[in-house]
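In case you want the letters, here they are:
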Amino acid sequence: MSAESVATATSTAPEHSGAARRDRHHGLALFVIAAAQLMVILDATITNIALPAIQTDLGVTDANLAWIVNSYALSFGGLLLLGGKAGDLFGRRRTFQVGITVFTLASLLGGLAPNEGLLIGGRILQGVGAALSAPSALALITTTFPAGKPRNQAMGVYAAMGGLGATVGLLLGGLLTDVLDWRWVFFVNIPIGLAVLAGTRSLVEAERHHGRLDVPGAVTGTGGLISLVYGITRGGEHGWTNGLTLGCFAVAAVLLVAFLFLQARTPDPMMPLRLFKDRNRWGSYATMLFIGSGMFAFFYFLTLYMQLILGYSPVKTGFAYLPFSFGMAAAAGISSKLVAHIAPRLIAAPGLLVAAVGMFWFATLEPDSSYAGHLIPAMFVTALGLGMSFVPMTLGAVSGVAHQDTGIASALLNTAQQIGGALGLAVLSTISNSAADDKLPQAAGALYRGLATKDLGLVSKAGDALTHGYTMAFAAAGAVFVAGAAVTAFAINAGRQQHTEGAAPVHMG
């Protein structure tokens, strides 16, 4: 070997060693961020599969069952913008660590909960933890990974976790509930959370920004939404002229008006109203509100139908959703290519109409409908429609946004989905429960009594009533998607999108 080649080998050895260390460092950082994102997203669907088991074990009423889903969505969506701001002010890595800690402890509380009150409390705290960690996770990618291929790959993995989370949640929720117990859909977060916390030292902290938290905005906004959802839920159960129901609506109106007033006056608003001046942005947010409303209800009612009416086990229910996951992934991939050639509304509006067809198909379910002949095609059609809508809405939300507002514009889209899901589920569960009660009061309780006493007549009557309620909810969800398509068609006028830089992935679940 020549002296020159020896010198070259000697000089490049430290360089290769440093590159290997950087690769290992980035690999660990990517694992930490991906695991955190997966944990936060799968928790939106993992609990759905366990709902019948939770209802039986804790004696949860039909009206309160939706709160096990809604409490997480409301606290997550309502505090997501505040969580992003906290990361800017106090450090993204520190905020991420606090969020994961809160989420992990809340999961322990949920798993140990002896009653529905503490379970719902645990779900609210999980939402708080998710709201703190999710925005910081995305921001930490930009500080930990250099621009170019490493950052693009990290963003790709992050986006994949957002899409994969819903599917993993459904499958894992079924497996844990079947093999172990429903409490393990919460306990499973504890080892993941501890592993993520242990690996956070690999993340690079970003510089902090000046400003302050908009706590009054968070309190009025989230409080107003909770009052509104509770009013809707209570109205369906106790009547729309009930004193507490009317009081909830009054409180919601006062708090939400105060929230908008504060956002217009405060120098550091949680939700900058300037982002709503562009019709494409507010159109994208409004459309995502409708998408979330219908999609959350779809998972909720189809899960109950498969387990309570068709008698599927939790794990069979999880696997039964695979056609939906495949359809969603395929359609999202196609639409991400189409946006470079076709205007977003020409993709999203037809997509929502296709999703509405799927919902109206589900509205024809009977207690003895077949999986292969009815559920699979309706599920696949719904998934194709929704998958076509997500990418155009994400791009519409960040298109033309000033660089400093890109993060909050993306966060607002996720907020719209979560809040829309909570409001939609409150309204549609009220419709479903009222329709079922018209046929048989407390139909779910009657079904459980019939199964326990082997009263086949009562089981059949309760199954008919519950199915009628579910189909009414599916029909209403179809109408919600049609409304979303109308908003898309009339509000969004952006042309074809040439790039997706800065667009944060939307949580598909």
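Every chain begins its residue count from 1, and numbering advances along the sequence as written. Predicted model: local features are reported for residues with pLDDT of at least 70 only, side-chain atom pairs are reported and counted for 80 or more only, and whole-chain, interface and lining totals are derived from all residues. Where side-chain values are given, they derive from all heavy atoms of the structure, hydrogens and water being excluded.

## Quick notes on the overall build of the protein chain
Phase 1: Only DSSP runs of H or I covering at least 4 residues are called helices, and only runs of E covering at least 2 are called strands; the numbering of each starts at the N terminus. A tally of helices and strands in the protein chain yields 17 helices and 0 strands.
Phase 2: With a 1.4 Å probe rolled over the protein chains alone, any residue whose accessible area is under 20% of its type maximum counts as buried; one over 50% counts as exposed, and the rest are partly exposed. The buried share among the 509 residues of the protein chain stands at 55%.
Phase 3: Partitioning the intrachain contacts of the protein chain with sequence separation of at least 6 by distance along the chain shows that 83% fall at a separation of at least 24.
Phase 4: Per-residue accessibility takes into account occlusion by the displayed protein chains alone, with areas from the Shrake-Rupley method and a 1.4 Å probe. Of the roughly 20200 Å² that the protein chain leaves accessible, carbon and sulfur atoms contribute 67%. In what follows, a contact means two residues having at least one pair of non-hydrogen atoms within 4.5 Å.

## Some details on the layout of surface pockets
Phase 1: Every definition here rests on a 1 Å grid over the protein atoms only: cavities are sets of points where a 1.4 Å probe fits but cannot get out, pockets are open sets enclosed by protein on both sides within 12 Å along at least five of seven lines, and lining residues have some atom within 4 Å of a point. Grid points are joined across faces, edges and corners, and a volume is the space filled by probe spheres set on the points. Approximately 550 Å³ is the volume found for the second largest pocket.
Phase 2: What lines the second largest pocket is a set of 22 residues, among which L225, F259, M271, L289 and I419 lie closest to the centre.
Phase 3: Contributions of two or more residues to the lining of the second largest pocket are made by α2 (62-90), α8 (215-238), α9 (243-265), α10 (279-309) and α15 (406-439).
Phase 4: At 5 residues, α15 tops the list of elements feeding residues into the lining of the second largest pocket.

## Description of α10
Phase 1: Any helix carries an expected span of 1.5 Å times its number of residues minus one. In a regular helix each residue adds 1.5 Å, so 31 residues correspond to 45 Å; α10 covers 44 Å between its end C-alpha atoms and thus fits that length.
Phase 2: Burial analysis of α10 places 26 of its 31 residues in the buried class, the great majority of the element.
Phase 3: Immediately downstream of α10, the backbone of G311 shows phi near 75°, a positive value.

## What about the pattern of salt bridges?
Phase 1: Whenever a carboxyl oxygen of Asp or Glu lies within 4 Å of a side-chain nitrogen of Lys or Arg, that contact is scored as a salt bridge. Inspection of every chain in the model, using the stated rule, returns 1 salt bridge.
Phase 2: Here D57 ties to R183 by a salt bridge, and the two come within 3.9 Å at their closest N and O atoms. Of the two residues, D57 sits in helix α1 (residues 3-58) while R183 sits in the loop between α5 (149-179) and α6 (184-187), which places them 126 residues apart along the sequence.
Phase 3: Taking the relative accessible area as the measure of exposure, D57 reaches 45% and is therefore partly exposed.

## A few points about the nonpolar core
Phase 1: Among buried residues, the Ala, Val, Leu, Ile, Met, Phe, Trp, Tyr and Cys ones that are joined through side-chain atoms within 4.5 Å form a nonpolar core. The biggest cluster of nonpolar side chains holds 122 residues, and the ones touching the most others in it are F298, L302 and F362.
Phase 2: In contact with F362, other than residues within four places in its own chain, are F298, L302, L375, A378, M379, T382, T471 and F474.
Phase 3: Of all hydrophobic cores here, the second largest spans 5 residues; its members include A331, V339, I347 and M388.

## Here's the deal with the side chain of T467
Phase 1: Here T467 lies in helix α17 (residues 456-491).
Phase 2: The contact partners of T467, leaving out residues within four places of it in the chain, are Y305, I309, L365, E366 and P367.

## Section: empty space enclosed by the protein
Phase 1: A complete count under the given rule lists 2 cavities of 30 Å³ or more for this structure.
Phase 2: In terms of lining, the largest cavity is formed by 16 residues, of which the most central are D62, L304, N433, L466 and Y470.
Phase 3: Contributions of two or more residues to the lining of the largest cavity are made by α2, α10, α15, α16 (443-453) and α17.
Phase 4: A total of 5 residues in the lining of the largest cavity trace back to one element, the largest contributor, which is α15.
Phase 5: A class-by-class count of the residues in the lining of the largest cavity yields 10 nonpolar, 4 polar and 2 charged.
Phase 6: Looking at which domains feed residues into the lining of the largest cavity, each of domain 1 (23-212) and domain 3 (274-497) supplies at least three. Side-chain classes follow a simple rule in which Ala, Val, Leu, Ile, Met, Phe, Trp, Tyr, Cys and Pro form the nonpolar group, Asp, Glu, Lys and Arg form the charged group, and the remainder, Gly included, forms the polar group. Marked domain ranges trace back to an automatic or database domain assignment.

## Here we look at helix α13 (residues 345-362)
Phase 1: The end-to-end C-alpha distance of α13, which contains 18 residues, comes to 25 Å, matching closely the 26 Å that a straight helix rising 1.5 Å per residue would cover.
Phase 2: For α13, every residue scored as buried is listed here: I347, A348, A349, G351, L352, A355, A356, G358, M359 and F362.

## Quick word on the environment of T45
Phase 1: Relative to the elements of secondary structure, T45 occurs in helix α1.
Phase 2: For the pair T45 and A166, spaced 121 residues apart in sequence, the C-alpha separation works out to 5.7 Å.

## Overview of a nonpolar patch on the surface
Phase 1: Residues qualify for a patch when their relative accessible area is over 30% and they have no salt bridge, like charges being joined within 9 Å and the nonpolar side chains of Val, Leu, Ile, Met, Phe, Trp and Tyr within 5 Å. Together, L175, V179, L180 and W184 give the surface a local cluster of nonpolar side chains, amounting to about 400 Å² of exposed area.
Phase 2: Counting through the fold element by element, L175 comes out in helix α5.
Phase 3: Judged by its relative accessible area of 43%, L175 falls in the partly exposed class.

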